[in-house]
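Close look at the chain arrangement
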Amino acid sequence: MTHIDVRDDTEDTGPSGYAAARLRLLDQEERPGPPRRAALARLTDSWLAGLFEAAAPPPGTALVAVGGYGRAELSPRSDLDLLLLHDGSADARAIAALADRIWYPVWDLGLALDHSVRTTTEARGTAGEDLKVQLGLLDARTVAGDTALATALRSTVLADWRNQATRRLPELAELCRDRAERAGELQYLLEPDLKEARGGLRDAQALRAVAASWLADAPREGLDEARRRLLDARDALHLATGRATDRLALQDQDAVADRLGLLDADTLLREVYEAARTISYASDVTWREVGRVLKARAARPPRLRSLLGGRAGKPVVTRTPLAEGVVEMDGEAVLALTALPARDPVLPLRAAAAAAQAGLPLSPHAVRRLAAAASPLPVPWPAEAREDLVTLLGAGESTVPVWEALEAEGIISRLLPDWERVRCRPQRNPVHTWTVDRHLVETAVRAASLTRRVHRPDLLLVAALLHDIGKGWPGDHSVAGETITRDLATRIGFDRADVAVLATVVRHHLLLVETATRRDLDDPATVQTVAAAVGTQNALELLHALTEADALATGPAAWSAWRASLVADLVKRVSGVLAGEEPPDPEAAAPSAEQERLAIEALRTGEPVLTLHAHEPTAEAEEPEPVGVELLVALPERPGVLPAVAGVLALHRLTVRAADLRAVALPREIGDGPVLVLDWRVAAEYGSLPEAHRLRADLVRALDGSLDVPARLAERDAAYPRRRGVAAPPPRVTVAAAESRLATVLEVRAQDAPGLLHRIGRALEGAEVRVRSAHVSTLGANAVDTLYVTRPDGSLLGSEEAAGLAKTLEEALR
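Residues numbered from 1 in each chain as written. Predicted model: local features only at pLDDT ≥ 70, side-chain atom pairs only at ≥ 80, totals over all residues. Heavy atoms only, no water.

1. As for the packing of helix α8 (residues 165-183) against helix α9 (residues 201-212)
Put simply, the test is: To get an axis, fit a line to the C-alpha atoms, keeping to the stretch in contact for a helix; angles then go from 0 to 180 degrees between the N-to-C directions. Only DSSP runs of H or I covering at least 4 residues are called helices, and only runs of E covering at least 2 are called strands; the numbering of each starts at the N terminus. Our angle categories are set so that under 35 degrees counts as roughly parallel, over 145 as roughly antiparallel, 65 to 115 as roughly perpendicular, and the remainder as oblique. Throughout, a contact is declared for two residues whenever any of their heavy atoms are within 4.5 Å. Think of it as three bins: nonpolar holds Ala, Val, Leu, Ile, Met, Phe, Trp, Tyr, Cys and Pro, charged holds Asp, Glu, Lys and Arg, and polar takes everything else, Gly as well.
Where α8 contacts α9, the two axes come as close as 11 Å, and the packing angle between them is 170 degrees. As judged from the angle between their axes, α8 and α9 are roughly antiparallel. Contacts between α8 and α9 pair L169, L172, C176 and R179 from the former with R202, D203, A206, A209 and V210 from the latter. Partitioning the contact of α8 with α9 into residue classes produces six nonpolar, no polar and three charged.

Laid out in structure tokens, this is it:
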């Protein structure tokens, strides 16, 4: 049992002396990290030992530090985990009085305390019932009192742990899984819990416990450094916030990075993610080994093992060939006995592809050997290496653990040099679930299920892997990614034509979804612009599949049946243009029978009329959700229609996705004056649609002024408490390049909020422009509303006029 020298930090063992010495220690910037944690433990030991001795403890008692304090890993706001151990010979009142003499001074200083009073028998019994107690006792350390008593307890608990390993380790594994379910994976979270999340300090301690069982051991390389990084980050977090917190909140990350001497919050997150990735990978390897050992023990009792195992009692080893130089053994892909990594540069990719295709983990020993011994691939790669990479990417979900094994030993960065720039790179957009590198792998996983839809699945999978590779460089990541992709695709061995296709797909990987959700697809210029950028049917086909895979790998908010239907519609129109067809002229399109019927009724009654009906997904769609609800509104043309309808929809909690406005001229014999027909696509926030007659009644009131829409929206907004968080950037309005011959295009980027389109409509009405159509795209808290506007006579705005309108609208939204 380790005993820490407690005499070098303070001579005064009283509360005031301890508090002052503690404050001085925490203010010493030249002693961060392990030295400060150990010094804080020594200082605390010294104070607590003084309290213990001053209380005149009876014989057979000891004060024992357990858990993190037992490991001498005290962060500035850590709990003190203490056990008052006694042999049962002293009077119960004397033990209680001793406990009070120690616990109360700790509480008086405002320190968090996790305490217990037990005999050795009671401690063993509690540990046998409570796994967390047993884990804490594995790190027991004497602070004061009867060292032999405390040493005997730790030895006994350690023996119990080893004897009960076959029962307790599955419990510990389940505990780790439950914690990961609750707290998520540290290496991907924007606000990670350094202790509880998967790959955090709890998992690092679980690995120590597994090693103490002697049943299995974790990969040692980098593990201690990873623990140190997380502990250092927690220390800095405690000092920056003044709180006992383990959650690295967004608003605290700059201060924590500054205390650690790091460049910025992104650098901090990358260091934290790298540490978590090391611990997570070690956990995967260790728990796999534990499972294998436990399975072997359950299948072969000791006496039977020696009888069935051949000479010297060794078990029979079965090796099943997977590929040249690669075999399956004991549930893992390992190198064959005849494999020669130094003479076979393709072996790392061949082994990875074989493991992923077989759904097997790649043995860490094999990966380590490949990293150390394999010779580099020639450039360009031979065809076999390129095919193995495609096979690895096309394996689906089983690609991920194999890729992580290669990354853990640096093989990926050696194969793809630009990978290092995106490795562990955070994405500060809450829509994104993963870091950049994991997102790229996840996109390839998603693309693997779409390979039957394209003629060149190899190009789809490689494009999926590289589409965001430019995020490691400054500027537009799509532009940077195009250049990097040309270099990497050439390196991988694709011919010039394939390199050009891959570069085009990476350059325009956001084109389809951004165009489909933010532009008027009925405008011929929209379709022709996309066709000119894409160039070929092959690239369009690949882009369509990549768009879906990219969105699905981003997160649940990035893809829906609605977005899928818009992208599919755009692809169909662009495919027609690439085939030589002319896009239809929207000006020549006649109103539908439903639109004409509503227009006639609106002209006859002089009031708004409307219908609501849902659009179901196509038969081929995998998602059962409706692609949206169509709301048709017709009314005699008049000012204020757009803000009135948008405001009423917001009051009824309907989210606007798109709105098309057109004036319909009816035959003179039916009536005089144009009728405005609005075709809206909306979605109910909470799944239920309002009744059409209630919408119409509120719309009538909004138009005649008896319903104050802005006031009602403001009341509802004020009724909801505002959550603390990062302040939203101000709205920005820009004039899009001359993409349309029908209207001037404005792009509004703002924080998404109920009634945003209503406020936009009011501002545009005040500027006396006519809205031809509106297209709403929302990702997380960010909205991009695209507006097609004209002068009242239908002509386009001049450049200065459009710029002035954009500035006016921006000011109105502020």
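2. A word on the sheet that holds strand β5 (residues 320-323)
To keep things clear, this is the line we draw: Here, strands pair whenever DSSP counts at least two bridges between them.
One open sheet accounts for three strands, arranged β5-β6-β7; its pairing is antiparallel. The open sheet terminates on both sides in strands that have one partner only, identified here as β5 and β7 (332-335). If you compare each strand with its neighbour and ignore which way they point, the axes differ by 40 degrees on average. Examined bridge by bridge, strand β6 (residues 326-329) and β7 share four bridges and lie antiparallel to one another. The residue of β7 that forms the bridge with V326 is L335.

3. Section: the sheet that holds strand β3 (residues 113-119)
Judged by pairing direction, the sheet is mixed, and its four strands sit side by side in the order β3-β2-β1-β4 without closing on themselves. Looking at strand neighbours, the two that pair on one side only are β3 and β4 (141-145), the edges of this open sheet. Pairs of neighbouring strands in the sheet enclose a mean axial angle of 25 degrees, with direction left out of account. Across four bridges, strand β1 (residues 61-65) lies against β4 in antiparallel orientation. Residue pairing across strands places A62 opposite G145, the latter belonging to β4. Here helix α2 (residues 34-54) sits on the sheet and contacts β1, β2 (80-86) and β4; the angle it forms with β4, its principal contact strand, is near 35 degrees.

4. Overview of the nonpolar core
Soluble globular proteins tend to pack their nonpolar side chains together in the buried interior. What counts is decided by this rule: As used here, the term nonpolar core means buried Ala, Val, Leu, Ile, Met, Phe, Trp, Tyr and Cys residues forming a set that is joined through side-chain atoms within 4.5 Å. Burial classes follow relative accessibility: with a 1.4 Å probe on protein chains only, a residue under 20% of its type's maximum area counts as buried, one over 50% as exposed, and anything between as partly exposed.
Membership of the largest hydrophobic core comes to 92 residues, with the highest contact counts inside it found for L362, W381, W403, L416 and W419. When near neighbours in sequence (up to four residues on either side) are disregarded, W419 contacts W403, E407, I412, S413, D437, L440, V441, L465 and I469. Counting 51 residues, the second-largest nonpolar core is a separate cluster that includes V641, L642, L651 and W680.

5. Some details on the packing of aromatic side chains
How two aromatic rings sit relative to each other is given by the distance of their centres and the angle of their planes. Our working rule: Only Phe, Tyr and Trp rings take part, Trp by its six-membered ring, and two of them pair if their centres are within 6.5 Å. Stacked means planes under 30 degrees apart, edge-to-face means over 60, and tilted covers everything else.
Counted according to the given criterion, the structure contains four aromatic pairs. Pairing Y18 with W47 gives two aromatic rings, centres 4.3 Å apart and planes at 10 degrees, and the pair type is stacked. Placement of the pair is Y18 in helix α1 (residues 15-26) and W47 in helix α2, with a sequence separation of 29 residues. Classification of Y18 by relative accessible area gives buried; the value is 1%.

6. Overview of empty space enclosed by the protein
Rules: Only protein atoms enter the 1 Å grid, on which a cavity is a set of points fitting a 1.4 Å probe that cannot get out and a pocket is an open set with protein on both sides within 12 Å along at least 5 of 7 lines, lining residues being those with an atom within 4 Å of a point. Grid points are joined across faces, edges and corners, and a volume is the space filled by probe spheres set on the points.
Following the criterion strictly, the structure yields three cavities of 30 Å³ or more and no others. Along the walls of the largest cavity sit Q187, Y188, R277, V400, W403, E404, E407, D437, R438 and V441, which together make up its complete lining. Mapped onto the lining of the largest cavity, the elements with two or more residues apiece are α17 (399-408) and α20 (436-448). Of the residues forming the lining of the largest cavity, the biggest block, four residues, is contributed by α17. Class assignment for the residues of the lining of the largest cavity results in four nonpolar, one polar and five charged. Here the second largest cavity defines a volume of roughly 50 Å³. Around the second largest cavity, the lining residues are L610, L631, V633, V645, V648, L649, L695 and L699. Looking at which element gives the most residues to the lining of the second largest cavity, the answer is helix α29 (residues 641-651), with three residues.

7. Side note on the confidence of the model for the chain
So the rule is basically this: pLDDT is defined as a per-residue confidence score from the predictor, taking values between 0 and 100.
Averaged over all residues, the pLDDT of the chain is 89; the fraction at 70 or higher stands at 91%. The low-confidence segment residues 618-625, where pLDDT is below 50, has six contacts with residues more than four positions distant or belonging to other chains.

8. Examining helix α23 (residues 496-507)
As a reminder, the rule being used: Helix span is expected to be 1.5 Å times the residue number reduced by one. Here a polar contact means two N or O atoms within 3.5 Å. Within protein one must be a hydrogen donor candidate and the other an acceptor candidate, and residues neighboring in sequence count only if both atoms are side-chain atoms.
Over its 12 residues, α23 extends 16 Å from the first C-alpha to the last, a length consistent with the 16 Å expected when each residue adds 1.5 Å. Regarding α23, the residues found buried are D498, V499, V501, L502, A503, V505 and V506. Its side-chain oxygen at 3.2 Å from the backbone nitrogen of A497, D495 defines the N-terminal cap of α23.

9. Here's the deal with helix α4 (residues 92-108)
Since the α-helix turns once every 3.6 residues, residues separated by three or four places project in the same direction. Spanning 17 residues, α4 covers 24 Å between terminal C-alpha atoms, matching the ideal 24 Å at 1.5 Å per step. Within the span of α4, buried status applies to I95, L98, A99, I102, W103, P105 and V106. Where the residues of α4 are buried, they touch α2, β1, β2 and β3. The N-terminus of α4 is capped by D91, whose side-chain oxygen sits 2.9 Å from the backbone nitrogen of R93. The first or second residue beyond α4 is G110, which carries a positive phi of 80 degrees.

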